[in-house]
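Listed here are the chains, written in short residue letters.
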Amino acid sequence: MGSEGPKAVTIHVTGFKKFQGVAENPTETIVNNLMNFVQTKGLLPAGVTLGSCTVLETAGDGALPMLYEVLESGVSRTDTKNEQVIWLHLGVNSGAKKFAIERQAVNEATFRCPDELGWQPQILFLCLQQHPIVADDGGISRKQETTCSIEAILKVLKNKGYDVTISDDAGRFVCNYVYYHSLRLAKQKGHKSLFVHVPLFSRINEETQMQFVASVLGAIASTS
């Protein structure tokens, strides 16, 4: 009997709108333009489909229904028996000078400021206690790790000349919040999730960042 070939890969990408201190979020621009960019330049490898590109509100609890609707709708359009579904989330680190692949998310939402819907979980508790993202998962030390081959992805991207690193700290704001929920859902569904932080366009220009994200798509697919 012949063995089955590798599964096709469908990648769904999200970014964020503006938030306090970042009036123009580069991930919003990247995600809005990504589909046309990769199609026009022929950058998607064979067997890879860019399933959806969605810009999320930069918010935690209040945006959860929208987040799960986006995640579930992308999955429902996919033939999961023959395709590997991967969620790629993009967020900005306004102080960064390089790209960062996030290894994990932690079960903690200690927002330094309210999100764009005015929610700040730590002020809901006495003594400003640290707030778990999912209380049923236990304490704030609980982590969810990506099942993507991040070391292999890193190698592919470095070989293309990008200044990129692996990070073990996605922060405690909305990026970590969304990543934690996405990793939980991916585990439940048998899919994969990955978060990548990018700098501001003033640090690395838009064209380079568009090329980088297209390269991330290829790196994810080739290492899945």
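Looking up the protein in an unreviewed UniProt entry gives the name Peptidase C15, pyroglutamyl peptidase I, with the organism given as Corchorus olitorius.

A. Summary view of the pairing of strand S4 (residues 99–102). Covered by surrounding structure in S4 are Phe99 and Ile101 together with Ala100 and Glu102, the residues of both alternating faces. Relative to strand S7 (residues 164–167), S4 runs parallel, the two sharing 4 bridges. By the bridge assignment, alanine 100 is partnered in S7 with threonine 165. Bridge count for S4 against strand S8 (residues 192–198) is 3 bridges, and the pairing is antiparallel. Across the sheet, residue glutamate 102 finds its bridge partner in S8, namely phenylalanine 195.

B. Region of interest: the environment of leucine 44. Turning to its location among the elements, leucine 44 is positioned in the loop between helix H1 (26–41) and strand S2 (48–56). For leucine 44, a relative accessible area of 26% translates into the label partly exposed. Separated by 173 residues in the primary sequence, leucine 44 and leucine 217 have C-alpha atoms spaced 7.5 Å apart.

C. View of the nonpolar core. Among the nonpolar cores identified, the biggest contains 63 residues, and Ile11, Val13, Leu88, Leu157, Leu194 and Phe212 are the most heavily contacted of them. Take this core: its biggest share by element is 9 residues, from helix H5 (residues 206–223). If near-sequence neighbours (up to four positions away) are discounted, leucine 88 is found in contact with Ile11, His12, Val13, Thr14, Leu194, Val196, Val216, Leu217 and Ile220.

D. Representation of the environment of alanine 100. Tracing the chain through its elements places alanine 100 in strand S4. Overall, alanine 100 belongs to the buried group, its relative accessible area being 12%. If we skip the residues at most four places from it in the chain, alanine 100 touches Val164, Thr165, Ser167, Phe195, Val196 and His197.

E. Main features of the packing of H1 against H5. The geometry of H1 relative to H5 is characterised by a closest axis approach of 10 Å and an angle of 70 degrees between their N-to-C directions. Considering the angle they form, H1 stands roughly perpendicular to H5. Only Glu206, Glu207, Gln209, Met210, Gln211, Val213, Ala214 and Leu217 of H5 make contact with H1, whose side of the interface consists of Thr29, Ile30, Asn33, Leu34, Phe37, Val38 and Lys41. Of the residues that constitute the contact of H1 with H5, the class distribution is 8 nonpolar, 4 polar and 3 charged.

Cut-offs applied
Residues numbered from 1 in each chain as written. Predicted model: local features only at pLDDT ≥ 70, side-chain atom pairs only at ≥ 80, totals over all residues. Heavy atoms only, no water. Buried < 20%, exposed > 50% of the residue type's maximum accessible area, 1.4 Å probe, protein only. Helix = DSSP H or I, 4+ residues; strand = E, 2+ residues; numbered from the N terminus. Pairing = 2+ DSSP bridges. Core = buried A, V, L, I, M, F, W, Y, C linked by side-chain atoms within 4.5 Å. Contact = heavy atoms within 4.5 Å. Axes fitted to C-alpha atoms, helices over the stretch in contact; angles between N-to-C directions. Parallel < 35°, antiparallel > 145°, perpendicular 65-115°, else oblique. Nonpolar A, V, L, I, M, F, W, Y, C, P; charged D, E, K, R; others polar.

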